[in-house]
Amino acid sequence: MIRDLSIAEVRLTPILVADPPLLNTQGIHQPYTPRLIVEVVTADGTTGVGETYGDAKYLELARPFADRLVGHPVSDLNGLFELADRVTVDASRVTGQVDVGGLRGVQTAEKLRLSVVSGFEVACLDALGKALGLPVHALLGGKVRSEVEYSAYLFYKWAEHPNGNGEKDDWGAALDPAGIVEQARTFKDRYGFTSFKLKGGVFPPDEEIAAIRALAAAFPGHPLRLDPNGAWSVETSLKVAEELRDVLEYLEDPALGTPAMAEVAARTGVPLATNMCVTTFAEVQEAFTTGAVQVVLSDHHYWGGLRNTQRLAAICRTFGVGVSMHSNTHLGISLAAMTHVASTVPGLHHACDSHYPWQSEDVLTERPTFTDGKVTVSDAPGLGVELDRERLAALHRRWLDDDGGFRDRDDAAAMRTADSDWVTPSTPRW
Ligand SMILES: [Mg+2]
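Residues numbered from 1 in each chain as written. Predicted model: local features only at pLDDT ≥ 70, side-chain atom pairs only at ≥ 80, totals over all residues. Heavy atoms only, no water.

Observations concerning the pairing of strand β6 (residues 147–155)
Here is step 1: With 7 of its 9 residues buried, β6 lies for the most part within the structure.
Here is step 2: Pairing geometry for β6 and strand β14 (residues 374–376), over 3 bridges, is antiparallel. Looking across to β14, one finds that Val148 is bridged to Val375.
Here is step 3: Pairing of β6 with strand β13 (residues 352–353), which is carried by 2 bridges, proceeds in the parallel orientation. Looking at the pairing, Tyr150 lines up with Cys352 of β13.
Here is step 4: Judged from the 4 bridges that link them, β6 and strand β7 (residues 196–199) form a sheet pairing that is parallel. From the neighbouring strand, Leu154 faces β7, where its bridge partner is Leu198.
Here is step 5: Where the polypeptide runs from β6 across helix α5 (residues 177–191) and back to β7, its parallel neighbour, the crossover connection is right-handed. (Buried < 20%, exposed > 50% of the residue type's maximum accessible area, 1.4 Å probe, protein only. Helix = DSSP H or I, 4+ residues; strand = E, 2+ residues; numbered from the N terminus. Pairing = 2+ DSSP bridges. Right-handed = clockwise from strand over helix to strand, strands pointing away.)

This is the structure:
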């Protein structure tokens, strides 16, 4: 019997998930952050799940896209891109400014489309895998490793959200080198991580240099990274690189834009990584020919899915540029997707980033776990995850009831609830 794997129904469920008060150069994470859960249901009743950004501009694109998807074979992954091109993007949603929510370079209509496509591509792969009895990594050509290593993602952090809003967490504050080291110890104790990344661009560079030095002293020989999201000038970037050259695995987006990164790269031996100046295929050539980056941090959400992530990895390999993975706030569906694709990429020499340990809430019946800093690659059909419908409904209810303005992520607005004078710092900040 030939099974009917055409898409009969697409369900879109926007949700708000709790997010701790994590600091970055733009401001602070809101108490709740939007995500979109995508479900595709085939005519024979197989359901696949995906996850992507949930801000209004993504939802506006996802809804007409979902309507057009009905009737298409769930295996027609190439067709997703063509379908997406036919959905109009509201030009007022595309600011041409740095994407504040994702801190992932300049917003464009194409990036919006690809971010939406990624959620659907993952859902289609999950459904296809379930229908065929194959894990997603097998649909991507097969895993080349059975575990994927992740790094601890350290943040400067307040103990609570401003005005006591949001959910409480047990991490406490981390606002100086000692606080960062304590946070790193907790990450290591709970999850076994052995590489550490600090989100920087929050305090003057000397304080962040001191934090990395403290980590190096507390965890000798462990890979360390610092990511100020382009907050520094070329000269400041070079100063930090010089002071930390003996302990850094890489410096991530010290300065904003490919020309500035190329200037830094030309004058330091510290490798530079990016998820801000190489965020689309169109940006690859300039960055690679000018030697601006030595490691590209891929993100299947904004590169347009798991297969585009593999393509990016192949290009990086060709040019001798390293590859690893960027992370924005995400849930277990995306962690599973990241793990499947990462398991298929040869030469993954740097632990991937993941915010997941910061997320106390999820929509799965079982949370993915980190052991010795690694996630085991699932061999179950599809992604190997199952939706908890009660949790999904509860987090959707929070989205429906939201009157706190959390349906669009805005870290600067969240900071203004504590500091009414706060404006997004201009770049370079230092
Ligand atoms: Mg980054």
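Comments concerning the coordination of the magnesium ion
Here is step 1: Here the magnesium ion is held by Asp227 (OD), Glu252 (OE) and Asn275 (OD1), and the distances to it run 1.9 to 2.3 Å.
Here is step 2: By relative accessible area, which is 0% here, Asp227 ends up buried. (Donors = N, O, S within 2.8 Å, 3.2 Å for Na, K, Ca; no water.)

Observations regarding the pattern of salt bridges
Here is step 1: The full count for this structure, using the stated rule, is 27 salt bridges.
Here is step 2: Of the charged contacts, one joins Arg398 and Glu167 as a salt bridge, the two residues approaching to 3.7 Å between their closest N and O atoms. With Arg398 in helix α13 (residues 389–401) and Glu167 in the loop between β6 and α5, this residue pair connects regions lying 231 residues apart in the sequence.
Here is step 3: Via salt bridges that share partners, Lys197, Lys199, Arg225, Asp227, Glu249, Glu252 and Asp353 belong to a single interconnected network. (Salt bridge = Lys/Arg side-chain N within 4 Å of Asp/Glu carboxyl O.)

With respect to unusual backbone geometry
Here is step 1: A cis amide bond links Thr427 with the next residue in sequence, Pro428, at an omega value of -5°.
Here is step 2: By secondary structure assignment, the location of Pro428 is in the segment after α14 (411–416).
Here is step 3: The backbone of Asp253 sits at a positive phi, close to 40°, despite the residue not being glycine.
Here is step 4: At Asp372, a residue that is not glycine, the phi angle is positive and equals roughly 50°.
Here is step 5: Residue position: Asp372 is located in the loop between β13 and β14.
Here is step 6: Look at Asp372 and you get exposed, because its relative accessible area is 56%.

Looking at the packing of aromatic side chains
Here is step 1: Summed over all chains, the structure comprises 18 aromatic pairs.
Here is step 2: Ring geometry for Phe187 against Tyr191: centres 6.1 Å apart, planes inclined by 45°, an arrangement best described as tilted. Of this pair, Phe187 and Tyr191 both sit in helix α5, 4 residues apart, which is roughly one turn of the helix.
Here is step 3: Assessed through its relative accessible area of 1%, Phe187 is described here as buried.
Here is step 4: You can call Tyr191 buried: its relative accessible area is 18%.
Here is step 5: Through successive ring pairs, a cluster of aromatic residues spans Tyr150, Tyr153, Phe155, Trp171, Phe187, Tyr191, Phe193, Trp358 and Phe370.
Here is step 6: Directly above the ring of Trp399 sits Arg407, whose terminal nitrogen or CZ lies 3.7 Å from the centroid. (Phe/Tyr/Trp six-rings, centres within 6.5 Å; stacked < 30°, edge-to-face > 60°. Lys NZ or Arg CZ within 6 Å of the ring centre and 35° of its normal.)

A look at the packing of helix α6 (residues 205–218) against helix α7 (residues 234–244)
Here is step 1: α7 packs onto α6 with a crossing angle of 25° between their chain directions and a minimal axis gap of 11 Å. Accordingly, the angle class assigned to the pair α6 and α7 is roughly parallel. The crossing of α6 and α7 is right-handed. On α7, the residues touching Pro205, Asp206, Ile209, Ile212 and Arg213 of α6 are Thr236, Lys239, Val240, Glu243 and Leu244. (Axes fitted to C-alpha atoms, helices over the stretch in contact; angles between N-to-C directions. Parallel < 35°, antiparallel > 145°, perpendicular 65-115°, else oblique. Left-handed = near helix turned anticlockwise from the far one by under 90°. Contact = heavy atoms within 4.5 Å.)

A closer look at the side chain of Ser298
Here is step 1: Inspection of the secondary structure assignment puts Ser298 in strand β11 (residues 295–298).
Here is step 2: Each residue touching Ser298, except ones within four places of it in the same chain, is listed here: Trp303, Thr309, Leu312, Ser324, Met325 and His326.

Things to note about α7
Here is step 1: Among all positions in α7, only Val234, Thr236, Ser237, Leu238, Val240, Ala241 and Leu244 are buried.
Here is step 2: Buried residues belonging to α7 abut α6, β8 (224–227), β9 (248–252) and α8 (258–266).

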